[in-house]
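Survey of secondary and tertiary structure
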Amino acid sequence: MVGTPARCCAALGALLWGCALLGRGALALQGGTLYPRESPSRERKELDGLWSFRADLSASRRRGFEEQWYRRPLRESGPTLDMPVPSSFNDVGQDGQLRNFVGWVWYEREVILPERWTQDLRTRVVLRVGSAHYYAIMWVNGVHVAEHEGGHLPFEADISKLVQTGPLSSCRVTIAVNNTLTPHTLPPGTILYKTDTSKYPKGYFVQDINFDFFNYAGLHRPVLLYTTPTAYIDDITVTTDVDQDTGLVNYQIVTQGSKHFELEVRLLDAEGNVVAQGTGGRGQLQVPNARLWWPYLMHKDPAYLYSLEVRMTAQTVMGPMADFYTLPVGIRTVAVTETQFLINGKPFYFHGVNKHEDSDIRGKGFDWALLMKDFNLLRWLGANSFRTSHYPYAEEVMQLCDRYGIVVIDECPGVGIVLAESFGNQSLQHHLQVMEELVRRDKNHPAVVMWSVANEPSSALQPAGYYFKTVISHTKALDPTRPVTFVTNSNYAADLGVPYVDVICVNSYYSWYHDYGHLEVIELQLQTQFESWHRAYRKPIIQSEYGAETIAGLHEDPPLMFSEEYQKSLLARYHAVLDEKRKEYVVGELIWNFADFMTNQTPQRVLGNKKGIFTRQRQPKSAAFLLRDRYWRLANETLEPGAGPRSLCLQSSPLRV
């Protein structure tokens, strides 16, 4: 017997969320979220490596709070494991209970601090977590410093007062992380209690989700300490435009720590030459003969980046201070018409992929080697874009997209919004907060050309119209420079959210999830799909997902489902229609998926989802070569004459992190 959603949520609140010390996300939106970069005034100390770790296996999952594990070293309250950070905790060990664990886990790390950080009161010390899935509470030396809701965006805390209170050479960082999902989290989920004691132990429960990827958990992205002066640059917002050959860079700078300060701004080209400069917290820099940021394979010189150098000089009670921050800037424009998506005034066609942050052992843990392999495969493939399905990816991913010219549809974790209660006011308020955090983090990336607020929600439900009107309007208010969408799989006549999007993104799996094996019906059904959507809304359309499950090395001719031949044949039939409709109003195609990825265990999944054109180990299936030939052909059609598109595959501009 399964409890009702309302009962599940109530029980969940008592058992798992009841330990929160502050309101959910209480500190999430305080201050800017500039990426921690080293400069003459800023330092950073990575805390990656092995942390002490323990899952709270008590029936209530509350023992750690009841015994106050954060008050003293974790080893003093019981046995611990060594856990690598960043990584998901699920696949690192051999314990099946830990792989599927739901509830609180505890991380701890003793950190040696540079002497100057602890003694110089002019230095501000900040503890930053790149991502903790899903809810996190953080202590330093047993003192609560922050908590955050949401598993894919950074949060931080100023810990200066805690580490500058006396002779201190180290500090103890404790982070409790809870991966539980409720109908009001993003993504949503429910806890199902199995109450039939003839089948399940007393108190047995499972996490139920409505999305098709494994709910990996832990400290997924780098944890670090960084410093600034106590009078510092808190946030920078840049928007760009073009007036004939002149690039326009509009900037706004927020500072903290002093009311008596001056700001100097310089824009440098890739060779280090100053091309424009200004003063003050707000202004416009004009760049004659500007070199624009172009997508990969759309221009002979793609992804050109300038550097915006900001210098703050301030007078404080402790004397004069200076802070420096450098922000990469790409000058480009984005616009949408009824039939086109325009970058720098020219039609852009998305030929790319959907991805996941997913790999063997690491789960969703950040890994530079894996990231570079993925980008090398993207460029080999001729992909010019991807969607961050179905959550924001690491900041370092966005930086590489800026560097290589890979266009991004930046999606929030709004996947699995299918229950009516997930459209209520509590869910809506959290969704709005998540969009604020996402826009604040990624607003300055030229690679990000569109926001996506959800994937495959139940957008035909009555509350969906108001819900998505509100979320989309809020996102546009936060960033008027980019179009906004969500990805739908609803019927065009029933979808209540699509009227508010700028670009229609449609997922369809013809001859896979229905009409099994009947490849011959794809063209007719896909044509009907496109014509129905465009006739109803007169907006450009992206085929945001399509594909077929494929077991690498399985061959059948004539093609049968799960064979490599079936995947290729299905894609080819989609491509025939896409080639026709892209001459009219279809502006993109994103294959599902770039690589195989892990899911929950079900009879329909054999060690995860196998719709990748690459295996989980990043080896190509036959469809990868089919797609490569297509994407390079599409690139040759749009690249200016004489640019030599194949040679562009290995070009990039210097990376600034």
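How each quantity is defined
- Residues numbered from 1 in each chain as written.
- Predicted model: local features only at pLDDT ≥ 70, side-chain atom pairs only at ≥ 80, totals over all residues.
- Heavy atoms only, no water.
- Helix = DSSP H or I, 4+ residues; strand = E, 2+ residues; numbered from the N terminus.
- Rg over C-alpha atoms; globule rule 2.2 N^0.38 Å.
- Buried < 20%, exposed > 50% of the residue type's maximum accessible area, 1.4 Å probe, protein only.
- Contact = heavy atoms within 4.5 Å.
- Areas by Shrake-Rupley, 256 points an atom, 1.4 Å probe, with all protein chains shown as cover.
- Lys, Arg positive; Asp, Glu negative; His and termini not counted.
- Charge placed at Lys NZ, Arg CZ, Asp CG, Glu CD.
- Pairing = 2+ DSSP bridges.
- Axes fitted to C-alpha atoms, helices over the stretch in contact; angles between N-to-C directions.
- Parallel < 35°, antiparallel > 145°, perpendicular 65-115°, else oblique.
- Left-handed = near helix turned anticlockwise from the far one by under 90°.
- Nonpolar A, V, L, I, M, F, W, Y, C, P; charged D, E, K, R; others polar.
- Salt bridge = Lys/Arg side-chain N within 4 Å of Asp/Glu carboxyl O.
- Patch = residues over 30% accessible without salt bridge, like charges linked within 9 Å, V, L, I, M, F, W, Y side chains within 5 Å.
- pLDDT = per-residue confidence, 0-100.

If you check an unreviewed UniProt entry, the chain appears there as Beta-glucuronidase from Chinchilla lanigera.

Of the regular secondary structure elements, the chain holds 12 helices and 32 strands. The C-alpha radius of gyration computed for the chain amounts to 25 Å, which stays within 12% of the reference 26 Å derived for 657 residues, consistent with globular compactness. Each of the three principal axes of the chain carries a C-alpha extent, and together these read 75 × 75 × 45 Å. When the 657 residues of the chain are sorted by exposure, 59% land in the buried category. A separation of at least 24 residues holds for 74% of the contacts in the chain among residues at least 6 apart in sequence. As displayed, the chain offers around 25100 Å² of accessible surface, 51% of which is attributable to carbon and sulfur atoms. For the chain, the distance from the average site of its 65 positive side-chain charges to the average site of its 71 negative ones is 2 Å.

Let's shift gears to the sheet that holds strand β21 (residues 319-329). The strands that make up a sheet are held in pairs by hydrogen bonds between backbone atoms, and each pair lies either parallel or antiparallel. Judged by pairing direction, the sheet is antiparallel, and its 4 strands sit side by side in the order β18-β17-β20-β21 without closing on themselves. Strands at the two margins of the open sheet, each flanked by one partner only, are β18 (274-279) and β21. Ignoring strand direction, the axes of neighbouring strands in this sheet form an average angle of 15°. Pairing between strand β20 (residues 306-316) and β21: 11 bridges, direction antiparallel. Bridge pairing links Y306 to V329 in β21.

Let us now look at the pairing of strand β11 (residues 189-193). Extensive coverage of β11 is indicated by the burial of 5 of its 5 residues. Because side chains alternate across β11, one face comprises the buried residues G189, I191 and Y193, and the other comprises T190 and L192, equally buried. Pairing of β11 with strand β12 (residues 205-209), which is carried by 5 bridges, proceeds in the antiparallel orientation. Across the sheet, residue T190 finds its bridge partner in β12, namely D208.

For the pair helix α8 (residues 425-442) and helix α9 (residues 464-478), the least separation of the axes is 10 Å and the interaxial angle reads 25°. When the axis of α8 is compared with that of α9, the two are roughly parallel. Considering how the two elements wind past one another, α8 and α9 form a crossing that is right-handed. Residues S427, L428, H431, L432, M435, E436 and V439 of α8 pack against Y466, Y467, T470, V471, H474, T475 and L478 of α9. Residue composition of the contact of α8 with α9, by class: 8 nonpolar, 5 polar and 1 charged.

Tallying each qualifying case throughout the model produces 37 salt bridges. For the salt bridge of D374 with R618, the shortest nitrogen-to-oxygen distance reads 2.8 Å. One end of the pair, D374, is in helix α6 (residues 368-381); the other, R618, is in the loop between β32 (586-591) and α12 (622-638), and 244 residues separate them in sequence. A salt bridge links R605 to E549, with the nearest nitrogen and oxygen atoms 3.3 Å apart. With R605 in the loop between β32 and α12 and E549 in the loop between β31 (541-545) and α11 (564-581), this residue pair connects regions lying 56 residues apart in the sequence. For the pair R605 and E549, a shared accessibility class is recorded, and that class is buried.

Right, let's get into the sheet that holds β32. On the basis of which strands lie adjacent, the closed barrel formed by 8 strands has the order β25-β26-β27-β28-β29-β30-β31-β32 and parallel pairing. Along the sheet, successive strands turn relative to each other by an average axial angle of 25°, direction set aside. Bridge count for strand β30 (residues 504-507) against β31 is 4 bridges, and the pairing is parallel. Bridge assignment links N507 to a residue of β31, and that residue is E545. Across the sheet, α8 lies against β27 (407-411) and β28 (448-455), angled at about 160° from β28, the strand it touches most.

Together, L121, V317 and M318 give the surface a local cluster of nonpolar side chains, amounting to about 330 Å² of exposed area. Within the secondary structure, M318 sits in the loop between β20 and β21.

Our focus in this paragraph is the environment of V498. Here V498 is to be found in the loop between β29 (484-488) and β30. The class of V498 is buried, set by a relative accessible area of 1%. The spacing of V498 and M561 is 63 residues in sequence and 32 Å in space, taken between C-alpha atoms. Discounting chain neighbours no more than four positions away, the residues touching V498 are F486, T488, I504, W533, Y537 and K539.

In the predicted model, the chain carries a mean pLDDT of 92, and the fraction of residues at 70 or more is 93%. Scored below 50 in pLDDT, residues 1-30 makes 75 contacts in the model with residues more than four places away or belonging to other chains.

Another aspect to go through is the pairing of strand β8 (residues 143-149). Two faces, one strand: in a regular strand the side chains alternate between the faces of the sheet. By the criterion of burial, β8 is predominantly enclosed, with 5 of the 7 residues buried. Two elements, strand β7 (residues 135-140) and β8, share 6 bridges in a ladder whose sense is antiparallel. When the bridges of β8 are listed, M138 appears paired with A146. Connecting the antiparallel pair β7 and β8 is a turn made up of 2 residues, with N141 showing a positive phi of about 55°.

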